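Descriptive structure summary
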Amino acid sequence: MNAPAMPPDLLPAVTQRPAPTALLQALQERFASQFSAAQAVREQHGRDESAFDIPPPAAVVFAENTQDIADCVALCAQHRYPVIPFGVGSSLEGHLLAIEGGISLDVSRMNAVLAIHPEDLTATVQPGVTRTQLNAALKDHGLFFPIDPGADASIGGMSATRASGTNAVRYGTMRENVLALEVVTAAGEVIRTGTRAKKSSAGYDLTRLLVGSEGTLGVMSEITVKLYPLPESVMAATCCFPTLADAVNTTIQIIQLGVPIARCELLDATTVRLVNQHSKLSLPESAMLLMEFHGSPAGVQEQVETVQAIAQEFGGAEFAWAATPEERTRLWTARHNAYFAGVQSVPGCKAITTDACVPISRLADALLASVDEAIAAGLPYFLVGHVGDGNFHMGYLIDPTQPAQRALAEQLNHQLVSRALALGGTCTGEHGVGLHKQGFLLAETGTGAVAMMRAVKQALDPLGILNPGKIFST
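Summarised in this report is the structure supplied together with it.

**Describing the overall build of the protein**
Summing up its helical and strand segments, the protein has 17 helices and 18 strands in all. For 474 residues, the compact-globule formula gives about 23 Å, and the C-alpha radius of gyration of the protein, at 22 Å, lands near that figure. Here the protein holds 474 residues, and the buried ones make up 55% of them. Within the protein, counting contacts between residues at least 6 apart in sequence, those at least 24 apart form 72% of the total. Carbon together with sulfur atoms contributes 54% to the accessible area of the protein, which is approximately 18,900 Å² in total. If the 31 positive side-chain charges of the protein are averaged to one point and the 45 negative ones to another, these points end up 4 Å apart.

**Section: empty space enclosed by the protein**
With a probe scaled to a water molecule rolled over the atoms, the places where space remains empty come into view. Using the criterion set out here, one finds 3 cavities of 30 Å³ or more in the structure. Considered as a void within the structure, the largest cavity measures approximately 60 Å³ in volume. If you go around the largest cavity, the residues you meet are Ser50, Ala51, Phe52, Leu92, Glu93, Ala351, Ile352, Thr353, Arg406, Glu410 and His436. Elements represented by at least two residues in the lining of the largest cavity include exactly β16 (350–357) and α15 (403–422). A per-element tally of the lining of the largest cavity places β16 first, with 3 residues. In terms of residue class, the lining of the largest cavity is made up of 5 nonpolar, 3 polar and 3 charged.

**Some details on the environment of Ala311**
By secondary structure assignment, the location of Ala311 is in helix α11 (residues 297–313). Residue class for Ala311 comes out buried when judged on its relative accessible area of 1%. Sequence separation between Ala311 and Val88 is 223 residues; the distance between their C-alpha atoms is 39 Å. Every residue in contact with Ala311, bar those within four places of it in the chain, is listed here: Cys239, Phe241, Thr250, Gly316 and Phe319.

**Quick word on the nonpolar core**
Judged by nonpolar contacts, the single largest core of 50 residues is most densely connected at Leu266, Met291, Leu363, Leu367, Leu383, Met394 and Tyr396. The contact partners of Leu363, leaving out residues within four places of it in the chain, are Val248, Ile252, Val358, Val387, Gly390 and Phe392. Listed in part, the 26 residues of the second largest apolar core include Ala19, Ala70, Cys76 and Ile465.

**Quick look at the sheet that holds strand β13 (residues 263–267)**
If you trace the 7 strands from one edge of the open sheet to the other, you get β15-β12-β14-β13-β17-β18-β16, paired in antiparallel fashion. Only two strands of the sheet have a single neighbouring strand rather than two, namely β15 (320–322) and β16. Across this sheet, the average inter-strand angle for adjacent strands is 20 degrees, counted without regard to direction. Note: strand β12 (residues 233–241) against β15, 3 bridges, orientation antiparallel. Within β15, the position partnered with Ala237 by the bridge is Trp321. Of the strands in this sheet, β12, β13, β14 (287–295), β15 and β17 (381–386) touch helix α12 (residues 325–336), which is tilted by about 130 degrees from β14.

What counts and what doesn't
Residues numbered from 1 in each chain as written. Predicted model: local features only at pLDDT ≥ 70, side-chain atom pairs only at ≥ 80, totals over all residues. Heavy atoms only, no water. Helix = DSSP H or I, 4+ residues; strand = E, 2+ residues; numbered from the N terminus. Rg over C-alpha atoms; globule rule 2.2 N^0.38 Å. Buried < 20%, exposed > 50% of the residue type's maximum accessible area, 1.4 Å probe, protein only. Contact = heavy atoms within 4.5 Å. Areas by Shrake-Rupley, 256 points an atom, 1.4 Å probe, with all protein chains shown as cover. Lys, Arg positive; Asp, Glu negative; His and termini not counted. Charge placed at Lys NZ, Arg CZ, Asp CG, Glu CD. 1 Å grid on protein atoms, 1.4 Å probe; cavity = no way out; pocket = protein on both sides within 12 Å on 5 of 7 lines; lining within 4 Å. Points joined across faces, edges and corners; volume = space filled by probe spheres on them. Nonpolar A, V, L, I, M, F, W, Y, C, P; charged D, E, K, R; others polar. Core = buried A, V, L, I, M, F, W, Y, C linked by side-chain atoms within 4.5 Å. Pairing = 2+ DSSP bridges. Axes fitted to C-alpha atoms, helices over the stretch in contact; angles between N-to-C directions.

Below, the structure written as structure tokens:
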């Protein structure tokens, strides 16, 4: 295999500094059993779902309340040493890796649902609450929180990366669904941004600034989110197509006609095969759309009839319905496990994952060319897409002992993202920048915008201690 040169802007620089002994002693005294420098604990907090292999943080602090976060950050600021927020470790772009050393600040124990206001359709939670935990608490109120990135991510992590997922085509992303925050600043000060009101014109929108900041501007200690009534009627279906292009073009037509579909997910034939093997399903192994419709019974029926007519124009087969809640859960669980289906299909492999998002009219141009390149390269891969909002994901499966395969996967990623940018899209629709997309951020936004981002970072974190080296290198 001839390995192309790996683009240098995709390689993280690792410049770990040892933790000051005085800081470790101070953290041990303040946090006692909530502090650990054990190798196993450090290693657990020094890896995520990315393919980067970085040494672990110097120690871990388990925060149990806002004051714990504030005290940890303040001590790290006093010693000018990095602090890295940690939720459940499901990042795909290296967000939580200690490339400059640091203390991992684990907020997973802060997992209380603090308040539910059903009359206002809002809830306030601690950052360690997961999306499934929140929805379990909302069930008796007839409400739900729709953002569903697949993994059972924490609300804090989802806010930090501006996550979206399968329901985003109808309900939006975390950007639209976070109303207010309690945040610990780089100086250890506790501030609040936003309110439970639906809108505000009061000053700078600090909430939106912090949502998507990837732990580089503050540490979230409370999040207030929007809620939605459980839909009166829910119907889910799969539909198979002769070609991947037919499935993509069906999606484009659905969105351009304004059908308020709740979920519209794409799997190609290769990925369906992997999902069948992993989840013990018998889905037809062809290009497939997985769809879900929410609303009143009459509204859902109208959506279904419209989408069926569109699908038929592109050779779509009859819808296969998941009629019961149990069948829907099984179907969407299998979709969410597509990543693990891919990874487990090649023993010992690692996945080089990437995502991009383009205007819906350019989805076919971006996605089909990327699949063709992966097939021509001969690397095993999987493809899933939140295609209703122009977002798709590729995972290239490599042998981590073979540098040539890593280089080839990164080259494919480089081509995919470069194409998305050329089509008016973005280098990441929902994974975030982290370590993997830093060079692309500059290409997407330009030097002026990156300079402004750096100025914001300098103003809010003058010592550079909050998750340094992420979004752009320090």
